[in-house]
Amino acid sequence: MARLIDIAAEAGVSEATVSRVLNGKPGVNEGTRRTVIDAARKLGRSVEALEAPSAPVVGVLVPDLDNQVFASWVERLEVELFERGAAILVAFRARTVEREQEILQRFLRAGVSAIIVVSGHHAQERAPLDHYREVTEAGLPLVLVNGVREELEAAFLSSDDGHAIGVVLTHLQELGHRRVGLAVGDEHTFPVRQKLRAFEQATADWGSEPQPVAFTDFSYAGGYEAARDLVDRGVSAIICGSDVMAAGALEGVRSLGLAVPRDVSVVGYDDVFWAALTDPPLTTVRQAVGTIARAAVRTALKGGEASRRPSRTEVVFRPQLVVRGSTAAAPGGAS
């Protein structure tokens with residue numbers, strides 16, 4: 001029977017790739033798989049059981065499906081996978097690192113071809129990374145969305161939060177706002193750090209004291225409380241880290257007897273489907289979910305044949321400001 005080294009030489013691939021193909025393991029694209037099977041047949045190896053290709057399955061982990069933006073991520077990823085003949089296995093509610101680790105291990109036991117994690121614990125500044133390394137060491141492509149860790153070998157795809165904050169601040173400045181608050185979640189997460197850094201840099205010369213920031217959580221209640229706090233600190237506009245927070249901020253402003261946008265302007269982030277249905281319709285930042293999902297799927301399905309360890313890549317995607325009715329000229333100012 002032909003040896004792995006002989007088949008590898010004939011096919012022009014590594015022995016590890018030959019082993020994966022002959023053992024029906026995931027992580028090898030169809031072109032390489034066919035090349036290996038043809039080489040094995042030419043050298044007298046029985047390959048009948050390998051002739052029928054199985055559809056690759058990609059594991060996708062999102063924080064939850066309550067927030068519409070994560071439901072949108074799952075929908076777009078499924079569409080992109082389906083168009084490429086692949087299936088999706090979805091998990092969510094990885095509230096702890098231990099839970100996330102268990103989910104990734106279940107993905108591996110299920111024989112997935114790759115794993116995509118959206119806004120996972122990789123976004124936490126000090127979260128452990130061993131469970132991610134287990135994936136890459138198994139030879140599977142690992143795509144991590146909205147969060148970057150320098151010490152981890154994986155593919156990182158992120159929204160350009162710094163650009164987003166800059167565009168929003170320019171919009172608010174043009175409307176005459178000079179006292180703007182930022183409402184965000186955990187300051188130790190990658191997206192919040194990016195937003196905070198850009199916010200502080202862009203507003204450093206706006207006045208004698210820094211522009212106010214409210215650290216809360218990415219929830220309706222968090223946005224409500226942040227809005228009341230920031231209005232009390234004299235802001236005429238609030239930038240929220242999510243549309244869910246912004247919806248809470250709208251109510252928080254109203255609870256003080258004020259109106260949006262007459263007294264306080266509010267900006268969200270994500271552009272979920274109901275953002276245009278709030279009262280008033282929400283000015284927000286639209287993440288390029290479709291574009292990032294397409295890139296994530298392409299990255300997930302292309303890896304595996306060249307190396308057991310996926311190479312590190314980082315790609316940043318610029319979001320878009322969508323102006324609606326929740327922002328207007330600052331009170332007493334000229335736009």
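In short, a report on the structure.

Here is what the cut-offs are and how they apply
Within each chain, residues carry numbers counting from 1 in the order of the written sequence. Per-residue local features of the predicted model are confined to residues with pLDDT of at least 70, and side-chain atom pairs are confined, for both listing and counting, to 80 or more; whole-chain, interface and lining totals are unaffected and use all residues. In computing side-chain properties, one takes all heavy atoms of the structure into account and sets aside hydrogens as well as water. Within this scheme, the nonpolar core is defined by two criteria: the residues are buried Ala, Val, Leu, Ile, Met, Phe, Trp, Tyr or Cys, and they are joined through side-chain atoms within 4.5 Å. Note on exposure labels: buried denotes an accessible area under 20% of the residue type's maximum, exposed denotes more than 50%, and partly exposed covers the range between, all computed with a 1.4 Å probe on protein chains only. Starting at the N terminus, helices and strands are each numbered in turn, a helix being any DSSP run of H or I of at least four residues and a strand any DSSP run of E of at least two. In protein, a polar contact means a hydrogen-donor-capable atom and an acceptor-capable atom, both N or O and within 3.5 Å, with residues adjacent in sequence counting only if both atoms are side-chain atoms; elsewhere, any N or O pair within 3.5 Å suffices. Strand pairing is defined by DSSP finding a minimum of two bridges between the two strands. Axis definition: a line fit to C-alpha positions, over the contact stretch in the case of helices; interaxial angles, taken between N-to-C directions, run 0 to 180 degrees. What makes two residues a contact is simply this: any of their non-hydrogen atoms within 4.5 Å. As used here, the arc is the angular range of directions from the helix axis to the C-beta atoms. The term salt bridge refers to a pairing of a side-chain nitrogen on Lys or Arg with a carboxyl oxygen on Asp or Glu at a separation within 4 Å. The pairing test for Phe, Tyr and Trp rings, Trp by its six-membered ring, is centres within 6.5 Å, and the orientation test on the planes gives stacked under 30 degrees, edge-to-face over 60, and tilted for anything in between. We call a charge positioned above a ring when the Lys NZ or Arg CZ atom is no farther than 6 Å from the ring centre and deviates by at most 35 degrees from the ring normal. Note that the term roughly parallel is reserved for angles under 35 degrees, roughly antiparallel for angles over 145, roughly perpendicular for angles of 65 to 115, and oblique for everything else. Throughout, a crossing is termed right-handed when the near helix is turned clockwise from the far one, and left-handed when it is turned anticlockwise from it by less than a right angle. Each residue gets one label: Ala, Val, Leu, Ile, Met, Phe, Trp, Tyr, Cys and Pro are nonpolar, Asp, Glu, Lys and Arg are charged, and the others, such as Gly, are polar.

### Focus: the nonpolar core
Alright, step 1. In this structure, Trp73, Ile116, Ile238 and Val266 are the most contacted members of the largest nonpolar core, which totals 46 residues.
Alright, step 2. Ranked by residues supplied to this core, first place goes to helix α11 (residues 289-302) with 7 residues.
Alright, step 3. Residues Val112, Leu140, Leu144 and Ala154 belong to the second largest nonpolar core, which totals 21 residues.

### Looking at the side chain of Ser265
Alright, step 1. The residue Ser265 is located in strand β9 (residues 265-270) in this model.
Alright, step 2. Exposure remark for Ser265: the relative accessible area of 0% places this residue in the buried category.
Alright, step 3. At 3.0 Å, the side chain of Ser265 and the backbone nitrogen of Ala328 are in polar contact.

### Here we look at the sheet that holds strand β2 (residues 87-92)
Note on sheets: strands pair through backbone hydrogen bonds, and any given pair is parallel or antiparallel.
Alright, step 1. In spatial order, the strands read β2-β1-β3-β4-β5-β11; together these 6 strands make up an open sheet with parallel pairing. In this open sheet, the two edge strands, each paired with only one partner strand, are β2 and β11 (313-317). The average angle at which neighbouring strand axes cross in this sheet is 15 degrees, direction not considered.
Alright, step 2. Pairing between strand β3 (residues 114-118) and strand β4 (residues 142-145): 4 bridges, direction parallel. Paired with Val118 across the two strands is Val145, which belongs to β4.
Alright, step 3. The sheet strands contacting helix α6 (residues 130-137) are β3 and β4, and the helix crosses β4 at an angle near 140 degrees.

### What about helix α1 (residues 4-11)?
Alright, step 1. Of all the positions in α1, only Ile7, Ala8 and Ala11 are classed as buried. The arc enclosing the buried residues of α1, seen along the axis, measures out at 100 degrees, which places them on a common side.
Alright, step 2. Close packing links the buried residues of α1 with α2 (15-22) and α3 (30-42).
Alright, step 3. Note on α1: the residue one or two positions beyond its end, Gly12, has a positive phi of about 75 degrees.

### Concerning the pattern of salt bridges
Alright, step 1. In the structure shown here, the tally under the stated rule is 24 salt bridges.
Alright, step 2. With its nearest N and O atoms 3.9 Å apart, the salt bridge here joins Arg126 to Glu125.
Alright, step 3. Among the charged side chains, a salt-bridge network with shared partners connects Arg76, Glu80, Arg84 and Arg294.

### Here's the deal with the packing of aromatic side chains
Alright, step 1. Within this structure, the stated rule accounts for 0 aromatic pairs.
Alright, step 2. A cation over an aromatic ring shows up here: Lys195 above the ring of Tyr269, its NZ or CZ 4.2 Å from the ring centre.

### Looking at the packing of helix α5 (residues 97-109) against α6
Geometrically, a packed helix pair is captured by the angle between its two axes and the distance between the axes.
Alright, step 1. In contact at an axis separation of 9 Å, α5 and α6 are set at 15 degrees when each is read in the N-to-C sense. Here α5 lies roughly parallel to α6, going by the angle between them. Note on packing geometry: the crossing formed by α5 with α6 is left-handed. On α6, the residues that touch Val97, Glu100, Gln101, Leu104, Gln105 and Leu108 of α5 are His131, Tyr132, Glu134 and Val135.
Alright, step 2. For the contact of α5 with α6, a count of residues per class yields 5 nonpolar, 3 polar and 2 charged.

### Regarding unusual backbone geometry
Alright, step 1. The step from Val260 to Pro261 runs through a cis peptide bond, and the omega angle for that step is 5 degrees.
Alright, step 2. The amide bond that connects Asp279 to the next residue, Pro280, takes the cis arrangement and shows omega of 0 degrees.
Alright, step 3. In this structure, Arg93 takes a positive phi of about 65 degrees despite not being glycine.
Alright, step 4. Within the secondary structure, Arg93 is located in the loop between β2 and α5.
Alright, step 5. When its relative accessible area of 31% is taken as the criterion, Arg93 is described as partly exposed.
Alright, step 6. Here the phi dihedral of Asn146 falls at roughly 60 degrees; this positive angle occurs in a residue that is not glycine.
Alright, step 7. If you trace the backbone, Asn146 turns up in the loop between β4 and β5 (155-159).
Alright, step 8. You can call Asn146 buried: its relative accessible area is 9%.

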